[in-house]
Every structure is written in C-alpha cells, then in structure tokens.
Amino acid sequence: MNTVNQTTGMKVDMNEAQSEFLKTEFFILSWDAASQHNKIWKNPIGKADFKMQIKAFLENELLKDYGKRKVREEEHITNIEKLQAKTKELGNALNFGTCQKLLNMMCKYYWCIGLIKEQPPLLPVDRINLQNAGIKDCNWTQIEDKNEYKSIIDKIRKKAGSQSLAEWEIVNWKRKLYR
C-alpha cells in the first residue's frame, strides 16, 4: 500500500500487514484516549467483542470515506452520532464526548501518516485542547450532544484564528509528560 503523507509530502510504503498493524495500534491508542478518564462500561462482560465491533465499524463504515474525499464538518458530526448509535446498538451506549474523542483521534492518526489525505474537519475535544484554548468550565467526558460539542468547537475555532483546527491542534498539542 502506498500513501503520501500530506503534511510532509513523504511517500509511505507499507504492505497490508503493516497497514493493519498501524490501524490496530491507532485504534488501541484512540480507544484508550477516549475511555481512560471516564467510566464507560455498563456491562464489562463482552468488552473485547464490543471493542472489536467498534473498530470494524470505524474502519469499514466511517473512516473509509475520509480516505477517499474531504469529509465536511456536518458529515463528520453525523458520523460521531452514527458511532454513538452503534455503541447503543451493541449494548454499551457511550456519550457524545467519548465518541467524538474516539473518532477524532482515529482521524488524527490516519491523517498524520497519510491514510487520510485531507485534514480532519474537527479535532478531539479533550483536556489538553480545552486547556490550550483557555476553556476552563468544560469536561469533555460529560458532553452529551452535538450542540454542546459544536459550541466548544466554536470557542476553539476562535482561538485557532486562521489555522485549521487540525493544524492548530498539532502545533499546540503537547503530551503531559513533556510539559
């Protein structure tokens, strides 16, 4: 599989096994980022199967469009709602905040290595991005719907100025360990 990283212009050559390895690692990292600060398990039985089904849904239903074309903001928000509906269907309804973090993290990883050509339309609303935007009265793990999410995105967009949200996040993001 050949892909071009749009940020660096570097061509990335990888075979199918390498691609699947990275996709799985990106899912694990995204899942951990989305679930580490909140209690998401209503029924811990079947956690592994739930996560496998969510991974398949992300890869086969949602992320495939991001690799083919520019996904607009409203479509991206609809995809977060679809992910949320899928979690409910599978018996462990996750809130909007957790679903946006999961999908946005996957998009960010895919974009950074060139699996997604266009920048993701939004960014993960999380503690780091909220702090970087100067938003103090918000807990991303408690975001319940798209309107609350869009309101937060609007505040971050003002902070980002002329930069895209994806670029603003990459430039301003720093892992806690390095602060």
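Just so it is clear, the structure is predicted and the values come from calculations on it, not from any experiment. (Residues numbered from 1 in each chain as written. Predicted model: local features only at pLDDT ≥ 70, side-chain atom pairs only at ≥ 80, totals over all residues. Heavy atoms only, no water.)

S.K.: Just to check I follow, could you spell out the overall build of the protein chain for this structure?
M.R.: A tally of regular secondary structure across the protein chain gives seven helices and two strands. Secondary structure elements of the protein chain occur, N-terminal to C-terminal, as β-β-α-α-α-α-α-α-α. The burial tally for the protein chain puts 44% of its 179 residues in the buried class. Summarising the internal contacts of the protein chain: among those between residues at least 6 apart in sequence, 67% fall at separations of at least 24. As displayed, the protein chain has an accessible area near 9800 Å², and 51% of this comes from carbon and sulfur atoms. (Helix = DSSP H or I, 4+ residues; strand = E, 2+ residues; numbered from the N terminus. Buried < 20%, exposed > 50% of the residue type's maximum accessible area, 1.4 Å probe, protein only. Contact = heavy atoms within 4.5 Å. Areas by Shrake-Rupley, 256 points an atom, 1.4 Å probe, with all protein chains shown as cover.)

S.K.: Looking at this structure, how should I read helix 6 (residues 146-160)?
M.R.: One turn of an α-helix holds 3.6 residues; hence residues three or four places apart share an orientation. Compared with an ideal rise of 1.5 Å per residue, which puts 15 residues at 21 Å, helix 6 spans 20 Å between its outermost C-alpha atoms and is within 8% of the ideal. Regarding helix 6, the residues found buried are Y149, I152, I153, I156 and A160. Seen from one end, helix 6 has its buried residues packed into an arc of 105°, which puts them on one side. Turned more than 90 degrees away from the buried face of helix 6 sit N147 and K158, all of them exposed. Its buried side turned inward, helix 6 meets helix 3 (73-89), helix 4 (96-112), helix 5 (127-132) and helix 7 (165-172). Near the N-terminus of helix 6, the side chain that reaches the backbone nitrogen of N147, with its oxygen 3.0 Å away, is that of D145. Where helix 6 ends, the next residue or the one after it, G161, has phi of about 65°, a positive value. (Expected span 1.5 Å × (residues − 1). Arc of directions from axis to C-beta. Polar contact = N/O pair within 3.5 Å; in protein donor to acceptor, adjacent residues only side chain to side chain.)

S.K.: Is there a simple way to explain the side chain of E59 in this structure?
M.R.: Its place among the elements puts E59 in helix 2 (residues 47-68). A polar contact is formed between the side chain of E59 and the side chain of K55, at a distance of 2.9 Å.

S.K.: Teacher, can you tell me more about the pattern of salt bridges here?
M.R.: Where charged atoms from two side chains of opposite charge come close, those side chains can pair. The tally for this structure, following the rule as stated, stands at nine salt bridges. Ionic pairing is found between R69 and E75, a salt bridge with its closest N-O pair at 2.6 Å. Here R69 falls in the partly exposed class, since its relative accessible area comes to 38%. A salt bridge links K86 to E89, with the shortest nitrogen-to-oxygen separation between them at 3.1 Å. Here K86 and its partner E89 are both found in helix 3, three residues apart, which amounts to about one turn of the helix. The exposure class assigned to E89 is exposed, which follows from its relative accessible area of 60%. (Salt bridge = Lys/Arg side-chain N within 4 Å of Asp/Glu carboxyl O.)

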